[in-house]
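Next come the chains, spelled out residue by residue.
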Amino acid sequence: METFTVEAIVLKTDDFGDANRVVTLFTKEFGKLEVNAYGCRRSRSPLSGVTQMFNHISAELSRGAQVDTLREADVLHFYDALTKDLERLAYASLLFEIVNRMTLPRQVEPETFDLLKKSLPALSSRTPKIIALIGACQFLETSGVQLNFSRCVHCGKEIVGDAAISLIDGGAVCKKCVDFVTECRPYSEGLRKTFETMLGFDWRDDTKLFFNSKQLNAAENFFVDYVHSILGSGLKSVKFIREFLL
Ligand SMILES: [Zn+2]
């Protein structure tokens, strides 16, 4: 039996059978992997505490013909605050759902692994909505469907003042080009500055973050709509946020 060790973040879990779970890991070494964890829902299983969403773990897997199996694992970091606070849980779930839905299995993406790893302590201690949106903004930038926030997607000119933004065309549209796009929405200077700040955010910077709540809501709606337009279906975490947090 071939076994191998990975460093991973638990992205998602789905129960199956009496006591088993499919655990979606985002690994440093191989990108996203869905693995079977047999018996892990039994209270005495050594895997029971390990296979919880948001855990940062070291795991030993055995190679399967179709699906790998989780054999043993150690928790490197457990983010208690995410399971105890509804708002933290909801926004951490939003970021994790976006990453899960928009990545393919076995695509090595060290920058996505790093982003998830850095986002967890921040989601646990800072304003979770801001952190989740920064995470989503930076993830989209490396995902192949990045948006152009600062330059017009039609003429390439730097955006100055208020403009428009298009989900279909992938970014900002200057006032002169708005007639050339089929779909666009208002894009205020404040929203552009919000996106630019999020994109440039340094995770080592622990000074207090200030965002205008109106811009923050506009940024959230924009990312949610953009991800929805790419995936063709909505996100469960958004439904949860809108039903229970607003
Ligand atoms: Zn233009």
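Residues numbered from 1 in each chain as written. Predicted model: local features only at pLDDT ≥ 70, side-chain atom pairs only at ≥ 80, totals over all residues. Heavy atoms only, no water.

1. Digging into the environment of A8
Okay, so step 1: Here A8 lies in strand 1 (residues 3-16).
Okay, so step 2: Sequence separation between A8 and H56 is 48 residues; the distance between their C-alpha atoms is 5.8 Å.
Okay, so step 3: When near neighbours in sequence (up to four residues on either side) are disregarded, A8 contacts L25, F26, T27, N55, H56, I57 and F113. (Helix = DSSP H or I, 4+ residues; strand = E, 2+ residues; numbered from the N terminus. Contact = heavy atoms within 4.5 Å.)

2. Examining helix 6 (residues 213-231)
Okay, so step 1: Taking 1.5 Å of rise per residue, 19 residues should cover 27 Å, and helix 6 covers 27 Å from first to last C-alpha, within 8% of that figure.
Okay, so step 2: Among all positions in helix 6, only Q215, L216, A219, E220, F222, F223, V224, Y226 and V227 are buried.
Okay, so step 3: G232, located one to two residues past helix 6, shows a positive phi value of around 80 degrees. (Expected span 1.5 Å × (residues − 1). Buried < 20%, exposed > 50% of the residue type's maximum accessible area, 1.4 Å probe, protein only.)

3. So, the pattern of salt bridges
Okay, so step 1: Counted by the stated rule, this structure contains 17 salt bridges.
Okay, so step 2: R41 is paired through a salt bridge with D15; the nearest N and O atoms lie 3.4 Å apart. One end of the pair, R41, is in the loop between strand 3 (31-37) and strand 4 (56-62); the other, D15, is in strand 1, with 26 residues separating them in the sequence.
Okay, so step 3: Members of the salt-bridge network, linked through shared partners, are E189, R192, K193 and E196. (Salt bridge = Lys/Arg side-chain N within 4 Å of Asp/Glu carboxyl O.)

4. Quick word on the nonpolar core
Okay, so step 1: With 61 residues, the main nonpolar core has F149, F195 and F223 as its most contacted residues.
Okay, so step 2: Tallying contributions element by element places helix 4 (residues 128-142) first for this core, with nine residues.
Okay, so step 3: Counting only domains with at least three residues in this core, you end up with domain 1 (3-78) and domain 2 (81-245).
Okay, so step 4: Sequence-distant contacts of F149, that is, excluding residues within four places in its chain, are made with C137, I165, A172, Y187, R192, F195, E196, L199, F222 and F223. (Core = buried A, V, L, I, M, F, W, Y, C linked by side-chain atoms within 4.5 Å. Domains from an automatic or database assignment.)

5. Quick look at the domain arrangement of the protein chain
Okay, so step 1: Segmentation of the protein chain into domains returns domain 1 (3-78) and domain 2 (81-245).
Okay, so step 2: Counting residues at the interface gives 20 residues for domain 1, matched by 19 residues for domain 2.
Okay, so step 3: Buried area between domain 1 and domain 2, summed over both chains or domains, comes out near 1,700 Å², and the portion from carbon and sulfur atoms is 70%.
Okay, so step 4: Contact with domain 2 buries surface across domain 1, with F26, K32 and F54 losing the most and accounting together for 41% of the total.
Okay, so step 5: Seen at the junction of domain 1 and domain 2, the total is five residue pairs in polar contact (both at pLDDT 80 or more).
Okay, so step 6: At the level of secondary structure, the elements contributing two or more residues to the side of domain 1 that touches domain 2 comprise strand 1, strand 2 (20-27) and strand 3.
Okay, so step 7: By residue number, the principal contributor to the side of domain 1 that touches domain 2 is strand 1, which donates six residues. (Buried area = accessible area lost by both parts, 1.4 Å probe. Polar contact = N/O pair within 3.5 Å; in protein donor to acceptor, adjacent residues only side chain to side chain.)

6. A closer look at the coordination of the zinc ion
Okay, so step 1: Only C152 (SG), C155 (SG), C174 (SG) and C177 (SG) from the protein reach the zinc ion as donors, at distances of 2.3 to 2.4 Å.
Okay, so step 2: Bound by four donor atoms, the zinc ion shows angles of 103 to 116 degrees at the metal and therefore tetrahedral coordination geometry.
Okay, so step 3: All donors of the zinc ion come from a single chain, and their spacing in sequence reads C-x2-C-x18-C-x2-C. Pair noted here: C155 is in the loop between helix 4 and strand 6 (163-166) and C177 is in the loop between strand 7 (171-173) and strand 8 (185-187), with a separation of 22 residues, a long-range link. (Donors = N, O, S within 2.8 Å, 3.2 Å for Na, K, Ca; no water. Tetrahedral: all angles 85-135°; square planar, octahedral: opposite > 155°, others 65-115°.)

7. Notes on the sheet that holds strand 2
Okay, so step 1: Reading around the circumference, 1-2-3-5-4 is the order of the five strands in this closed barrel, with mixed pairing throughout. Sheet twist, expressed as the average angle between the axes of neighbouring strands with direction ignored, equals 50 degrees.
Okay, so step 2: Here strand 3 pairs with strand 5 (residues 68-77) via two bridges, running parallel. Bridging from a neighbouring strand, V35 pairs with D68 of strand 5.
Okay, so step 3: The sheet contacts of helix 2 (residues 86-101) involve strand 1, strand 2 and strand 3, and relative to strand 1 the element is tilted by about 110 degrees.
Okay, so step 4: With respect to the sheet, helix 3 (residues 110-125) is in contact with strand 1, strand 2 and strand 4, its orientation differing from that of strand 1 by roughly 65 degrees. (Pairing = 2+ DSSP bridges. Axes fitted to C-alpha atoms, helices over the stretch in contact; angles between N-to-C directions.)

8. Examining the sheet that holds strand 7
Okay, so step 1: Reading across from one edge, 7-6-8 is the order of the three strands in this open sheet, with antiparallel pairing throughout. The outermost strands of the open sheet, each flanked by one partner alone, are strand 7 and strand 8. In this sheet, neighbouring strand axes are inclined to one another by 45 degrees on average, regardless of whether the strands run parallel or antiparallel.
Okay, so step 2: Judged from the three bridges that link them, strand 6 and strand 8 form a sheet pairing that is antiparallel. Bridge pairing in strand 8 places A164 opposite P186.

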